[in-house]
Amino acid sequence: MTTFENFNQELASIDMEIAWFQSRYDKVGPGGTGADYINCPMTREQYEAFVDALLAGEKADFKAWEESTPYFDGCLPIEVMAMRGRETLRHGPMKPVGLTNAHQPDQKAYAVVQLRRDNKLGTLHNIVGFQTKMKYGAQTSVFKLIPGLENASFARLGGIHRNTFINSPTLLDDQMRLKSHPHIRFAGQITGVEGYVESAAMGLLAGRMAAAELQGRDLLPPPPETAMGALITHITG
């Protein structure tokens, strides 16, 4: 995920005469205000130029052993989405629906790039849905084509990584142990959960179960009606 930095709280590196604050459909999420995203609008011509630059941008090469690894469709690099059709991004992370340009309310944007706050101070924002395998130099030049980000200061540039999972329903029991080798436990994302909280939860459970076993106790999994119980039931059931 590409994140750019604003060196003061006035969002100095974003042109707020072009961009504006608004959540899609003014939706108020937990702890939100209904204006929790910065929106950067594009005309059709700007969108077409952006897609051209995405497709032409230099990409990082995969290693030979990575070539056969498929992408997760829910988290595709933006250039891969663009390769699937020129309108794909406009119906995905750059969809313009539910937004009204505060500077030009009568003009409908052809596409919109959204930025989300990345730290409590509001000095960092990341570009929503912009996973990419473009090389860093290409990212900087391509993303500065986004209206409002022409002078953006980038704190972190994006990248993709491979996630590896085991077939937990087949391999693990409800104590997170390998059925074939019960002295081995698995924990975290490799068990098949997705997300930081979920991965930490599986680590916590596996650790507590291992500690209980060492103490000669049985620690039953949490009830399936609970959040953590539902997770372990899903991956081992």
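Predicted, not measured: the structure shown is a model, and the values here were computed from it.

Q: Provide a residue-level description of the overall build of the protein chain, including the pertinent values.
A: Regarding its fold elements, the protein chain presents 6 helices and 6 strands. By the compact-globule yardstick of 18 Å for 237 residues, the protein chain is too spread out, its C-alpha radius of gyration being 22 Å. Taken over 237 residues, the protein chain has a buried fraction of 38%. Here the protein chain displays about 13500 Å² of accessible surface, and carbon together with sulfur accounts for 56% of that area. Charged side chains in the protein chain number 23 positive and 26 negative. The centres of these two groups are separated by 4 Å.

Q: Just give me the short version of the packing of aromatic side chains, but keep the residues and values in it.
A: The description of an aromatic ring pair uses the distance of the two centres, along with the angle that the planes make with each other. Scanning all chains against the criterion turns up 3 aromatic pairs. Taking 5.6 Å as the distance between ring centres and 65° as the angle between the ring planes, the aromatic pair formed by Tyr47 and Tyr110 counts as edge-to-face. With a gap of 63 residues between them, Tyr47 in helix α1 (residues 44-56) and Tyr110 in the loop between α2 (78-83) and β4 (111-117) connect regions that are remote in the sequence. Here Tyr47 matches Tyr110 in class, with each residue buried. Within the aromatic cluster, the residues linked to one another by ring pairs are Phe50, Phe130 and Phe143.

Q: Lay out the environment of Glu87 with the relevant residues and their values.
A: Relative to the helices and strands, Glu87 resides in the loop between α2 and β4. According to the relative accessible area criterion, Glu87 is partly exposed, its value standing at 27%. When the C-alpha atoms of Glu87 and Phe130 are compared, they prove to be 16 Å apart, with 43 residues separating the residues in sequence. Those residues in contact with Glu87 that lie beyond four places of it in its chain are Tyr47 and Tyr110. Among the polar contacts made by the side chain of Glu87, one reaches the side chain of Arg90 at a distance of 2.8 Å.

So, how was this worked out
- Residues numbered from 1 in each chain as written.
- Predicted model: local features only at pLDDT ≥ 70, side-chain atom pairs only at ≥ 80, totals over all residues.
- Heavy atoms only, no water.
- Helix = DSSP H or I, 4+ residues; strand = E, 2+ residues; numbered from the N terminus.
- Rg over C-alpha atoms; globule rule 2.2 N^0.38 Å.
- Buried < 20%, exposed > 50% of the residue type's maximum accessible area, 1.4 Å probe, protein only.
- Areas by Shrake-Rupley, 256 points an atom, 1.4 Å probe, with all protein chains shown as cover.
- Lys, Arg positive; Asp, Glu negative; His and termini not counted.
- Charge placed at Lys NZ, Arg CZ, Asp CG, Glu CD.
- Phe/Tyr/Trp six-rings, centres within 6.5 Å; stacked < 30°, edge-to-face > 60°.
- Contact = heavy atoms within 4.5 Å.
- Polar contact = N/O pair within 3.5 Å; in protein donor to acceptor, adjacent residues only side chain to side chain.

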